[in-house]
Amino acid sequence: MSKVLIVAEHLDGQLNASTAKCVAAAQALSPEAIDIAVLAADPAAAAEQAARIEGVTRVLTVANAANEHAIAQVLAPQVAKLAADYSHVFGPSTTFGKDLMPCIAALLGVAQVSDIMAVEGSHTFKRPIYAGNAIITVEAPADQPVIATVRTASWSEAAQGGDATIEAVTVEAELPGHTRYVGLAAGDSDRPDLQSAKRVVSGGRGVGSSENFKIIFDFADKIGAAVGASRAAVDAGYVPNEMQVGQTGKIIAPELYIAVGISGAIQHLTGIKDAGTIVAINKDADSAIFEIADIGLVGDLFKVLPELEQALG
Ligand code: FAD
């Protein structure tokens, strides 16, 4: 019978929604137990949120000043110690998890299973390959712990309403000093987080300039959406890299995705495969984006967006 440990992703005492998605993936294993590890300087707030996720058995808190910032090299030896009691250790396939989980796998001497999108058995999983154009079934060795990242776009958050016990644990692990926290450079924005937003408006090369992107930001604010961009828009310097959606950017699954002035290159579409309703605004009726859009508006974005905004009142 499986026992799953999930490494919680959190920042400033707020649990990231990706943790509840990992719980959903863990539930698909019908395991004996699902525990969540919260490693932090002060894990109390994130642990409380983790305990409320349905299906969670225990929340293990590892309070250590060294865990103030999520440094993979510092967290990994601690999680590797905790892993001894588990058949599976899951983390989200966000930047956090993609950084941390391979370190844990390396310390345990096993190969990581990446990007789980479906669970077929305790050691058999489906994951995307070739930028999401094919799905492969992979089998992990049954005699080793499974260290895996969970493709957040493929799983809904496990429900709220749980009441797991919270236990403080001490982990004896040698922490490396070669990787230090220097600083966090993050965009300052009140908008929803791109990776977990229910609505996203993205702009492409068609927007034309950094100044013109204001029209995208204004429309997104009107409908309470996060803002994304194509790689062409990022490469042209219209917006920062962290906003890129696609194969080499963020893989997202909002309920509503509005692509504005984006042609629909396969590498962009990879990032929105699991989106609910896709709306495309493009002046070229033959643009590839219309092949996958649920709703298409052929027109000049500088005319269509203000009209839409006005219609929304
Ligand atoms: P374009 O293809 O130039 O399209 C601009 C669109 O805007 C056109 O369809 C045009 O009709 C429309 N338009 C212009 N003016 C207006 C207007 N006034 N009103 C309405 N519509 C207008 N791309 C990504 O997005 N994300 C990735 O992660 C990514 N990873 C990649 C990885 C690799 C290895 C490679 C090779 C490429 C990758 N790309 C990625 C790049 C991708 O191939 C495309 O080049 C890119 O997505 C194109 O961006 P775009 O649609 O904004 O630009």
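Everything quoted here is computed from the prediction, not taken from an experiment.

So, how was this worked out
- Per chain, residues are indexed from 1 in the order of the written sequence.
- With pLDDT at 70 or above as the cut-off, local features in this predicted model cover only qualifying residues; side-chain atom pairs require 80 or more to be listed or tallied, and sums for whole chains, interfaces and linings still use all residues.
- The side-chain numbers reported here are obtained from all heavy atoms of the structure, hydrogens and water having been left aside.
- When accessible area is computed with a 1.4 Å probe and restricted to protein chains, residues below 20% of their type maximum are described as buried, those above 50% as exposed, and intermediate ones as partly exposed.
- Secondary structure elements are taken from DSSP: a helix is a run of H or I of four residues or more, a strand is a run of E of two residues or more, and numbering for both begins at the N terminus.
- Working rule for contacts: check all heavy atoms of both residues, and any pair within 4.5 Å makes them a contact.
- Start and end points for every domain follow an automatic or database-based domain assignment.
- When two parts are brought into contact, each loses some accessible area as probed by a 1.4 Å sphere; the total of that loss over both is the buried area.
- Any carboxyl oxygen of Asp or Glu within 4 Å of a side-chain nitrogen of Lys or Arg constitutes a salt bridge here.
- By convention a nonpolar core is built from buried Ala, Val, Leu, Ile, Met, Phe, Trp, Tyr and Cys residues, the set being connected through side-chain atoms within 4.5 Å.
- Strands qualify as paired when DSSP identifies two bridges or more between them.
- Lines fitted to C-alpha atoms define the axes, with helix axes restricted to the stretch in contact, and inter-axis angles between N-to-C directions lie between 0 and 180 degrees.
- Here a residue is considered near a molecule or strand provided that any single heavy atom belonging to it is located within 4 Å of it.
- Definition of a polar contact: a pair of N or O atoms within 3.5 Å, with one able to donate and the other able to accept a hydrogen when the atoms are protein atoms, and with sequence-neighbouring residues admitted only if both atoms are side-chain atoms.
- Under the convention used here, a 1.4 Å probe and the Shrake-Rupley method define accessible areas, while residue burial counts only the protein chains that appear.

**Some remarks on helix α3 (residues 72-82)**
Turning to step 1, where the next piece is worked out: Burial analysis of α3 places nine of its 11 residues in the buried class, the great majority of the element.
Turning to step 2, where the next piece is worked out: For α3, the elements touching its buried residues are β1 (3-7), β4 (33-40), β5 (58-63), β6 (88-92) and α4 (95-108).

**Remarks on the domain arrangement of the protein**
Turning to step 1, where the next piece is worked out: Splitting the protein by domain gives domain 1 (3-168) and domain 2 (199-311).
Turning to step 2, where the next piece is worked out: Each of domain 1 and domain 2 was reduced to a C-alpha centroid, and the two centroids are 31 Å apart.
Turning to step 3, where the next piece is worked out: Every contact between the two is made by six residues of domain 1 and, on the other side, eight residues of domain 2.
Turning to step 4, where the next piece is worked out: Counting each side, the surface lost to burial between domain 1 and domain 2 is near 590 Å², with a carbon and sulfur contribution of 48%.
Turning to step 5, where the next piece is worked out: Together, Ala131, Arg151 and Ala153 form the three largest contributors to the area buried by domain 1 at its contact with domain 2, with a combined 65%.
Turning to step 6, where the next piece is worked out: Linking domain 1 with domain 2 are one salt bridge, by the criterion used here.
Turning to step 7, where the next piece is worked out: The salt bridge partner of Arg151 is Asp274, with a shortest N-O separation of 2.5 Å.

**With respect to the pattern of salt bridges**
Where side chains of opposite charge bring their charged atoms close, a pairing between them can arise.
Turning to step 1, where the next piece is worked out: Within the structure shown, the criterion is met by eight salt bridges.
Turning to step 2, where the next piece is worked out: In this structure, the salt-bridge partner of Glu167 is Arg58, at a minimum N-O distance of 3.0 Å. Highlighted residues: Glu167 in strand β12 (residues 165-168) and Arg58 in strand β5, separated in sequence by 109 residues.
Turning to step 3, where the next piece is worked out: Taking relative accessible area as the criterion, Arg58 reaches 25% and is therefore assigned partly exposed.
Turning to step 4, where the next piece is worked out: Two residues, Arg231 and Asp235, come together in a salt bridge whose shortest N-O distance is 3.4 Å. Highlighted residues: Arg231 and Asp235, both in helix α6 (residues 231-235), separated by four residues, approximately one helical turn.
Turning to step 5, where the next piece is worked out: The class of Arg231 is partly exposed, set by a relative accessible area of 46%.
Turning to step 6, where the next piece is worked out: Each of the salt bridges in this network shares a partner with another, and the network as a whole consists of Asp35, Arg58 and Glu167.

**Observations regarding the nonpolar core**
Turning to step 1, where the next piece is worked out: Counting 33 residues, the largest nonpolar core has Ile6, Ile36 and Phe90 as its most contacted members.
Turning to step 2, where the next piece is worked out: Contributing elements (two or more residues each) for this core: β1, α1 (17-27), β4, α2 (44-51), β7 (113-116) and β11 (146-150).

**Considering the sheet that holds β4**
Turning to step 1, where the next piece is worked out: Here we have seven strands laid out as an open sheet, ordered β7-β11-β6-β1-β4-β5-β12, and parallel in their pairing. Two strands close off the open sheet at either side, each with one partner strand: β7 and β12. Neighbour-to-neighbour, the strand axes of this sheet turn through a mean angle of 25 degrees, independent of strand direction.
Turning to step 2, where the next piece is worked out: Sheet topology places β1 next to β4; five bridges connect them, and they run parallel. Following the sheet pairing, Val4 is matched in β4 by Ile34.
Turning to step 3, where the next piece is worked out: Contacts from α1 reach β1, β4, β6 and β11, with the element oriented near 145 degrees to β6.
Turning to step 4, where the next piece is worked out: Contacts from α3 reach β1, β4, β5 and β6, with the element oriented near 150 degrees to β4.

**Regarding the site of the ligand**
Turning to step 1, where the next piece is worked out: Residues in close proximity to the ligand total 26 residues, the closest being Arg205, Ser230, Thr248, Ser263 and Asn282.
Turning to step 2, where the next piece is worked out: Separating an oxygen atom of the ligand from a side-chain N or O atom of Ser263 is a distance of 2.7 Å.
Turning to step 3, where the next piece is worked out: A distance of 3.1 Å is found between a nitrogen atom of the ligand and a side-chain nitrogen or oxygen belonging to Asp300.
Turning to step 4, where the next piece is worked out: Relative to its unbound accessible area of 990 Å², the ligand is 76% covered by the protein chains.
Turning to step 5, where the next piece is worked out: Counting residues per element, the ones that place at least two in the shell around the ligand are α6, α7 (266-269) and α9 (301-311).

**Considering the environment of Asp221**
Turning to step 1, where the next piece is worked out: Counting through the fold element by element, Asp221 comes out in helix α5 (residues 214-222).
Turning to step 2, where the next piece is worked out: When the C-alpha positions of Asp221 and Asp300 are compared, they lie 20 Å apart, and in sequence the two are 79 residues distant.
Turning to step 3, where the next piece is worked out: There is a polar contact of 2.6 Å between the side chain of Asp221 and the side chain of Arg191.

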